[in-house]
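Architecture at a glance
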Amino acid sequence: MTMKPNLPLRAWCAALLLGSLPVAQAALPVEKFALPNGAQVWLVQSPGLPMVDVQIDFDAGSRRDPAEQAGLASVTAAMMSRGLVARDGQPALDENTLSEAWADLGASFGGGAGSDRMSFNLRSLTYPDLLPRAVALAARQLAEPAFPADIWQRDRERMVASIKEANTRPGTVAGRAYAQAVYGAHPYGRDVTEQTLARIAVSDMQALHARMLVPCRAKVSIVGAVTRAQAQALVGQLLARLPASSPGRCAPLPAVQEVAALGQASEQSIPFESAQAHVFIGQPGFRRNDPDYFALIVGNYILGGGGFVSRLSSEVREKRGLSYSVYSYFSPGLHAGAFTLGLQTRPDQAAQAVQVARDVLDGFVADGPTEAELRAAKDNLIGGFALRIDTNRKLLDNVAGIAWNDLPLDYLDTWTQQVDRVSVADIKAAFARKLQPRRMATVVVGGAPRP
Amino acid sequence: MKHPLPRILACICLALPLGFAPAAHAQAPVKAEQFTLANGLTLIVKPDRRAPTAVHMLWVRAGAMDEVDGTSGVAHVLEHMLFKGTPDVGVGEFSRRVAALGGRENAFTARDYTGYYQQIPSSRLEDVMKLEADRFARNQWADEEFRKELEVVKEERRLRTEDNPRALLYEQLNATAFVASPYRRPIVGWMSDLDAMTPDDARAFYRQWYTPANAAVVVAGDVDVAQVRALAEKYYGVIPARAVPARKPRTEPVQAGIRRIEYKAPAEQAYVAMTFKVPQLRTFEPSPEADDALALTVLAAVLDGYTGARLNRALEQGPDRVADSAGAYNGLWGRGPQVFVLDAVPAPGKTPEQVEAALREQVARVAQGGVTEAELNRVKTRWVAGEVYKLDSVMNQARELGSQWALGLPLDAGERLIQRLRGVTAQQVQAVAARYFGDDQLTVAVLRPQPVDKNRKPRAAPTGSRH
């Protein structure tokens, strides 16, 4: 199937998705409570379907990876699905027995790591003969992963092979060069390579797991057909096999450095034998807790976020036919994730496309949007608010975003008002504060070098 | 491109799963209803009141398989042109109006059909129905708009296919496995056909296939069936009826011997894809063909339906593993001929020939030793649970209803499919593994990686230069 492109939803900017797509409805009470073990819980009861989604987030994302072991958080989370050790009368399970057990329950559980968070997701039916068994198995998987060395060896070989394969693609090469140019030495820009994977042993995973996966560091978000009492019991059981919290166990973690602003513009033109040139233009953006948040996301909808109706789409695609996909986005996180403008085009017209995109960007940063553009953006964002929360899955993303970013519990209720309050002057001022078109990084992979 | 997993499960009343007892508070989903307007257009409505939103889709039973040689890709190009206006709605105005309604929209083209959709607050349903009916009936644009959009489509082809060795391999594989069937052509079209495409090619395809009797409107979400029906009569019902042109059968001749192709492309990893021609499900009534198609779908799930299934275990694990990844997929149904696909990426140091043999050995083992009841129950349990999870999204429900209509299946196809799959026995799975995996119906495609030119060094532009 071929489709017109949706907005680029990049894995490395989970914060954008979770943080910038919330919505509000008065009928959406988010309940928050803490458990005796220190875990914090955010709950939205959604009784319509006999199912529940649970997300557990820890401050153990890749930003805390040692530079020489980039990828540690991510492989640790993945390896937790590769078997369990025996404990407390429960037998050891190898990777196959474990995945068969999940299949037999009609449920799923798995983990991964983004830049900021290490996250685990459970999805199960809420039938009384199934849910307790699914929660019990998830509890074991969280607490008793076996981290078998032979399987890590195999998975590492597979990862290295797929990294090498990806390196034959222009988009991968461009993405790596761009992350380097924007983030420099900051962990957000780190590259997982054969060398960094070679330095990771299962003992490193065990140490990370033991250090970070403790109940008092857990933020748990739940959406589904469970009552508050059931949710409380569920989370208690889910975390029961992790080491109990003790004094000092959840002392503040060391701070991670901030992303440094770019001192000057940079341009890289990397020859590559490909049918298209891949273009990225951007710079460090802003942190999720920035007071300019709403002005920036509303402004970016107008610049390059709003699908077929954005300025970039209109100038690069609709008027000139230069690219199938052209977009811009912010990726705010605990640190200043990038502002990125991206497109792909036939190599001989890359220079033209870059020029058009830069002109659009310059004009937007210099002059801001028109009143009509702002009205149209608000019509879409406010009018379409309900589309951001109309499935349990979307709700879970929003609730986990509230939990992770310490947003107020009425965040969804006030979201449309916050959008409505944004003015043309707010957007212009916020973009002027955050973006410096004269000091951006530009990467073009696949085109002839620019003169 | 690797085939997506089949969307075989539609919205149903919850069939009682193996050992699952539904909780008391679970609400039985409301059934979908189907109507035919006087001009022949089909209307399908699926109420779901969980959220104040709805999805509105227009399906046309015309896709890439309805094209003819020389204009491959025109169904998809036309899909892009549907966004370019009508006598009353200017270029780009459709998308601007949908956005102003708070909506999200897109469109898609497949071999068997083309679809357009808007997700909207349910209070905006009438607005998008009016817009969609207008462009379905009166799409109109200037040649210059076509020329610009054609360049966009070529960029889409470059992005999805030209720089993707496995996508290129699948183009070659389809062109080899199929001789007379239009499934032999890529959906996006050959580049030379795109280069040569004219505005009138797109207009002709539009006039030929975009008629009420060849289309279905699917509405799912927070809606009232009677109101949706009245709106459909008002906006779609007034479109004049036109005959749907006769479709040429273009029947695929029987393959009688193995076909092999090789494809060289810059890559690191080799890749192997094998397609076996198989029967397909056209009716839910028991018949040898339908029974075998269902058993083949169960076979694919036993081989590759979950982590730790047979292919994963046998090919991707252990110190001497053969593959970095391996998969199985059964086509099950479609307007054209269906295939069963086995594919794999060889592990470092292993050859495509070794993974090809290993994949076939796993099918042979099922043919010789059968499958266990535990495996059978496991894949069925996952399907039944998936029926509940699927109800979380009205978008997915609408997609299933529309695609099943496009294939000529009944409204309750999803429910009946699950019932039929649950009845498949271990003996049936063993029998199809023995019957359909010989050489004669097989096409093998091997991607042979070529080194990327390492001599081309990155050249850094002077830093600080101004644009």
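Here the structure is a predicted model, which means the values were calculated and not measured.

**Focus: the overall build of chain B**
What chain B contains, in helices and strands, is 15 helices and 12 strands. A globule of 467 residues ought to have a C-alpha radius of gyration of about 23 Å, and chain B, at 24 Å, matches this closely. Seen along its three principal axes, the alpha-carbon backbone of chain B occupies a region of about 70 × 65 × 50 Å. When contacts within chain B are restricted to residue pairs at least 6 apart in sequence, those whose partners lie at least 24 apart make up 81%.

**Focus: the overall build of chain A**
When helices and strands are tallied, chain A shows 16 helices and 14 strands. Relative to the compact-globule value of 22 Å for 451 residues, chain A shows a C-alpha radius of gyration of 23 Å, a close match. Along the three orthogonal principal directions, the C-alpha set of chain A runs to about 70 × 50 × 45 Å. In chain A, buried positions account for 56% of the 451 residues. Pairs at least 24 residues apart make up 82% of the contacts formed inside chain A by residues separated by at least 6 positions.

**Things to note about the domain arrangement of chain A**
Residues and elements named next belong to chain A. Structurally, chain A comprises domain 1 (9-249) and domain 2 (266-445). Here the C-alpha centroids of domain 1 and domain 2 sit 28 Å apart. Taken together, the 40 residues of domain 1 in the interface contact 49 residues of domain 2. Elements with a contribution of two residues or more to the side of domain 1 that touches domain 2: helix H1 (14-20), strand S3 (40-45), strand S4 (51-58), helix H6 (170-183) and strand S9 (219-224).

**Some remarks on the nonpolar core**
Membership of the largest hydrophobic core comes to 283 residues, with the highest contact counts inside it found for Ala357 of chain A together with Leu299 of chain B. Considering every element that reaches this core, the biggest residue donor is helix H9 (residues 288-304) of chain B, with 10 residues. Counting residues domain by domain, this core receives three or more from each of domain 1 (9-249) and domain 2 (266-445) of chain A. For Leu299 of chain B, the contacting residues outside a window of four places in its chain are Asn330, Val366, Val429, Val432 and Ala433 of chain B.

**Describing unusual backbone geometry**
Positive phi values are uncommon outside glycine, yet Asp406 of chain A reaches one of about 55°. One can find Asp406 of chain A in the loop between helix H14 (392-404) and helix H15 (411-421). A residue is classified by how many C-beta atoms lie within 10 Å of it, and Asp406 of chain A, with 10 of them, is exposed. Backbone geometry at Leu332 of chain B places phi at a positive 65°, although glycine is not the residue there. Here Leu332 of chain B is to be found in the loop between strand S9 (323-330) and strand S10 (338-346).

**Structural notes on the pairing of strand S8 (residues 271-278) of chain B**
Residue and element names in this part refer to chain B. The element S8 is extensively covered by neighbouring structure, given that 8 of its 8 residues are classed as buried. Bridge count between S8 and strand S11 (residues 442-450): 6 bridges; the pairing is antiparallel. Note that in S11 the partner of Phe276 across the bridge is Leu442.

**Here we look at helix H7 (residues 199-209) of chain B**
Residues and elements named next belong to chain B. Within H7, the full set of buried residues consists of Ala202, Phe205, Tyr206 and Trp209. Considered in projection along H7, the buried side chains sweep an arc of 100° and stay on one side of the axis. On its buried face, H7 sits against strand S3 (53-60), helix H1 (74-81) and helix H4 (143-162).

**Notes on the interface of chain B and chain A**
On the chain A side, the residues contacting the 73 residues of chain B number 73 residues. When residues of the side of chain B that touches chain A are traced back to their parent elements, those giving at least two are helix H2 (93-100), strand S4 (104-109), strand S5 (114-121), H4, helix H12 (373-390) and strand S12 (459-460) of chain B. With 10 residues, the single largest contributor to the side of chain B that touches chain A is H4 of chain B. Here the residues of the side of chain B that touches chain A are counted per class, giving 31 nonpolar, 20 polar and 22 charged.

**Notes on the sheet that holds S11 of chain B**
Residue and element names in this part refer to chain B. The strand order across the open sheet formed by 5 strands is S7-S11-S8-S10-S9, and the pairing between neighbours is mixed. Every other strand in the sheet has two partners, leaving strand S7 (259-266) and S9 as the edge strands with one partner each. Direction aside, neighbouring strands of the sheet carry axes that sit 15° apart on average. Here S8 pairs with S10 via 7 bridges, running antiparallel. Of the residues in S10, the one forming a bridge with Ala273 is Asp343. Contacting S7, S8, S10 and S11, helix H5 (residues 165-177) crosses the sheet at an angle of about 160° to S7.

**With respect to the packing of helix H3 (residues 95-105) of chain A against H12 of chain B**
Running from N to C, H3 of chain A and H12 of chain B point in directions that differ by 50°, and their axes come no closer than 7 Å. As the angle between them shows, H3 of chain A and H12 of chain B are arranged oblique. Where H3 of chain A abuts H12 of chain B, its residues Glu100, Ala103 and Asp104 of chain A lie against Arg378, Thr381 and Arg382 of chain B. Its residues assigned to classes, the contact of H3 of chain A with H12 of chain B comprises 1 nonpolar, 1 polar and 4 charged.

**What to know about the sheet that holds strand S8 (residues 118-125) of chain A**
Residue and element names in this part refer to chain A. Strand order across the open sheet formed by 6 strands is S2-S3-S9-S4-S8-S7, with mixed pairing between neighbours. Both outer strands of the open sheet, strand S2 (31-34) and strand S7 (108-113), are each paired with one neighbouring strand and no more. Within the sheet, the average angular offset between the axes of one strand and its neighbour, ignoring direction, is 15°. As judged from the 4 bridges shared by S2 and S3, these two strands associate in the antiparallel manner.

**A short note on the packing of helix H10 (residues 293-305) of chain A against helix H16 (residues 424-434) of chain A**
Residues and elements named next belong to chain A. Interhelical geometry of H10 versus H16 gives an angle of 95° and a closest axis separation of 9 Å. Classified by the angle their axes make, H10 and H16 are roughly perpendicular. Between H10 and H16, the contacting residues are Ala295, Leu296, Val298 and Gly299 on the first element and Asp426, Ile427, Ala430, Phe431 and Lys434 on the second. Grouping the constituent residues of the contact of H10 with H16 by class yields 6 nonpolar, 1 polar and 2 charged.

Basis of the calculations
Residues numbered from 1 in each chain as written. Chains lettered and ligands numbered in written order. Predicted model: local features only at pLDDT ≥ 70, side-chain atom pairs only at ≥ 80, totals over all residues. Helix = DSSP H or I, 4+ residues; strand = E, 2+ residues; numbered from the N terminus. Rg over C-alpha atoms; globule rule 2.2 N^0.38 Å. Contact = placed C-beta atoms within 7 Å. Buried ≥ 20, exposed ≤ 12 C-beta atoms within 10 Å, placed from the backbone. Domains from an automatic or database assignment. Core = buried A, V, L, I, M, F, W, Y, C linked by C-beta atoms within 7 Å. Pairing = 2+ DSSP bridges. Arc of directions from axis to C-beta. Nonpolar A, V, L, I, M, F, W, Y, C, P; charged D, E, K, R; others polar. Axes fitted to C-alpha atoms, helices over the stretch in contact; angles between N-to-C directions. Parallel < 35°, antiparallel > 145°, perpendicular 65-115°, else oblique.

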